[in-house]
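One letter stands for each residue in the lines below.
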Amino acid sequence: MKAITVEPKKPGSARYEDFPEPDVREGSVLVEAVAVGVCGTDVEIVEGKYGWAPPGKTRLVLGHESLGRVIDPGPSSSFKAGDLVVGIVRRPDPVPCPNCAVGEWDMCTNGQYTERGIKEIHGFMSEHWRSEPEYLIKVDPSLGILGVLLEPMTVITKAIEQVFLAGQRAYWEPKTVLVTGAGPIGLLAALRFSVRALQVHVLDRAETGLKPDLVRALGATYHTGRISDLDFDPDIIVECTGVGAVIADSIKKIGSGGIICLTGIGAGGTGAGAVADVAAAVVLKNNLIVGSVNANKRHWYRAGQNLIHSDPAWLSRLITRREKPENFKTALERQPDDVKTIIQFSDV
Ligand SMILES: [Zn+2]
């Protein structure tokens, strides 16, 4: 079979190549790839900045935002041939830490978790892949290709859960939410907040085009420019850019008792001199900053439900580019109007 593979930490090593069929030890369910979404993590791995091959191997199959079709459900699963499925990304660490022991591997405390297509387990950018049945989520057939958005939806399903769990620390009646960054995660955040009784605002650099259109289609308000120029102090900010200046501005702008959820991952920023100023703003307004990454099985299940209850026409506009596997390098190059690019292996 063919697969998109990379030698982690070696820039320029990615290629679309012949690769052995997945070993039955990788899972009893055999799946045919339909599509795999690409994201910033894939770009970082291909640039040699991140990623780990499986133990004893030099190359890693890339890809963690999957959608596939069951070919062989194996001897012990409730799946049927033809079922659409998505593979869960993270696996608990082998120790396991207390969080992994109770199935909350997204909160792993010892860092020895593994992740498909990222850390020590092959990903989903291969014509065939395998999984244990307990790490597969069945996708409602009505979703079709939109099932490829399930993994990004898990990220925001967990982040929003974290925000409302954290909000229970005090009496809290949030009315306004600001989402910074109108990429796939930011837009899915806006979608999920728009179904609650909240005023939703999204801020991004794009002045025109699809991003403002998608935000306004949700009944939300679109902003460009500086956070400090907004004429309201948000009760919730979901930060999806990872840009230091945007994070610092978010912390200064959040309303009293507000909660900031950081989901973006960047580097560098505004320097240590600003940290005490930022911390003072947090102290004086009782603010809470919560980081959120990955998702556990509860979030994967809920994310599937969230997709089913969303407008499919709006969701389909998030998929802005479909590339063939042999053109994966083009897929990974960011273009101005991209929201979510997918690599399509077969028809849904
Ligand atoms: Zn753990």
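Please refer to the structure higher up on the page.
Calculation notes
Residues numbered from 1 in each chain as written. Predicted model: local features only at pLDDT ≥ 70, side-chain atom pairs only at ≥ 80, totals over all residues. Heavy atoms only, no water. Helix = DSSP H or I, 4+ residues; strand = E, 2+ residues; numbered from the N terminus. Buried < 20%, exposed > 50% of the residue type's maximum accessible area, 1.4 Å probe, protein only. Core = buried A, V, L, I, M, F, W, Y, C linked by side-chain atoms within 4.5 Å. Donors = N, O, S within 2.8 Å, 3.2 Å for Na, K, Ca; no water. Tetrahedral: all angles 85-135°; square planar, octahedral: opposite > 155°, others 65-115°. Salt bridge = Lys/Arg side-chain N within 4 Å of Asp/Glu carboxyl O. Pairing = 2+ DSSP bridges. 1 Å grid on protein atoms, 1.4 Å probe; cavity = no way out; pocket = protein on both sides within 12 Å on 5 of 7 lines; lining within 4 Å. Points joined across faces, edges and corners; volume = space filled by probe spheres on them. Nonpolar A, V, L, I, M, F, W, Y, C, P; charged D, E, K, R; others polar. Right-handed = clockwise from strand over helix to strand, strands pointing away. Polar contact = N/O pair within 3.5 Å; in protein donor to acceptor, adjacent residues only side chain to side chain. Contact = heavy atoms within 4.5 Å.

*Asks:* Can you explain unusual backbone geometry? Please cite residues and give values.
*Replies:* At the junction of V95 and P96, the peptide bond is cis and its omega measures out at -15° in the coordinates. Mapped onto the elements of the fold, P96 is located in the loop between β7 (90-91) and α2 (98-101). Positive phi, normally seen in glycine, also occurs at E120, with a value near 70°. Tracing the backbone through its elements, the reader meets E120 in strand β9 (residues 120-121). A relative accessible area of 31% places E120 in the partly exposed class.

*Asks:* Tell me what's going on with the nonpolar core, and back it up with residues and numbers.
*Replies:* General note: in soluble globular proteins, nonpolar side chains tend to be found buried as a group. Residues L315 and L318 are the most contacted members of the largest nonpolar core, which totals 87 residues. When residues of this core are assigned to their parent elements, the largest contribution, 7 residues, is made by helix α3 (residues 150-166).

*Asks:* Would you mind going over the coordination of the zinc ion in detail, with residue names and values included?
*Replies:* At 1.9 to 2.4 Å from the zinc ion lie its protein donor atoms, namely D93 (OD), C97 (SG), C100 (SG) and C108 (SG). Each of the 4 donor atoms around the zinc ion contributes to a set of angles spanning 97 to 120°, which defines the coordination as tetrahedral.

*Asks:* Break down the pattern of salt bridges for me, citing the residues and quoting the values.
*Replies:* Applying the stated criterion across every chain yields a total of 19 salt bridges. A salt bridge links R321 to D338; the shortest N-O distance between them is 2.9 Å. In this pair, R321 sits in strand β18 (residues 319-323) while D338 sits in the loop between α10 (328-332) and β19 (340-344), placing the two residues 17 residues apart along the sequence. We classify R321 as buried; its relative accessible area is 11%. Taken together, the shared-partner salt bridges in this structure form one network comprising E104, E161, R298 and R302.

*Asks:* Tell me about the sheet that holds strand β8 (residues 114-116), and name the residues and values.
*Replies:* If you trace the 3 strands from one edge of the open sheet to the other, you get β7-β8-β9, paired in mixed fashion. Strands at the two margins of the open sheet, each flanked by one partner only, are β7 and β9. Here β7 pairs with β8 via 2 bridges, running antiparallel. Paired with R91 across the bridge in β8 is T114.

*Asks:* Give a detailed account of the layout of surface pockets, specifying residues and quantitative values.
*Replies:* A water-sized probe rolled over the atoms picks out the places where empty space is left. Estimated volume of the second largest pocket: approximately 550 Å³. Considering the residues around the second largest pocket, the lining is formed by 25 residues, among which R25, E26, P54, I121 and H122 are closest to the centre. Of all elements in the fold, only β9 and β10 (128-131) reach the threshold of two or more residues within the lining of the second largest pocket. The greatest single-element share of the lining of the second largest pocket, amounting to 3 residues, is contributed by β10. Tallied by class, the residues present in the lining of the second largest pocket amount to 10 nonpolar, 6 polar and 9 charged.

*Asks:* Give me the lowdown on the sheet that holds strand β2 (residues 15-18), citing residues and values where you can.
*Replies:* Sheet architecture is open: 3 strands sit in the order β2-β1-β4, paired in antiparallel fashion. Edge positions in the sheet fall to β2 and β4 (60-61), since each of these pairs with one other strand and no more.

*Asks:* Before we move on, can you summarise the pairing of strand β13 (residues 199-203) with the specific residues and values?
*Replies:* The side chains of a regular strand alternate between the sheet's two faces. Counting buried positions along β13 gives 4 out of 5 residues, so the element sits mostly inside the fold. Bridge analysis of strand β12 (residues 176-180) against β13 gives 5 bridges, and the strand direction is parallel. Paired with T176 across the two strands is Q199, which belongs to β13. In this view, the connection linking β12 to its parallel neighbour β13 by way of helix α4 (residues 184-194) has right-handed handedness. Examined bridge by bridge, β13 and strand β14 (residues 221-223) share 3 bridges and lie parallel to one another. Among the inter-strand pairings, H201 is bridged to a residue of β14, identified as T221. Taking the sense of rotation as the criterion, the β-α-β connection linking β13, helix α5 (residues 210-217) and β14 turns out right-handed.

*Asks:* I'd like a description of the side chain of R69, backed by residues and values.
*Replies:* Within the fold, R69 resides in strand β5 (residues 65-72). Reaching out from R69, the side chain makes a polar contact with the backbone oxygen of D347 at a distance of 2.5 Å. Dropping the residues within four chain positions of it, R69 is found in contact with L30, V31, E32, V34, G82, D83, L84, S346, D347 and V348.

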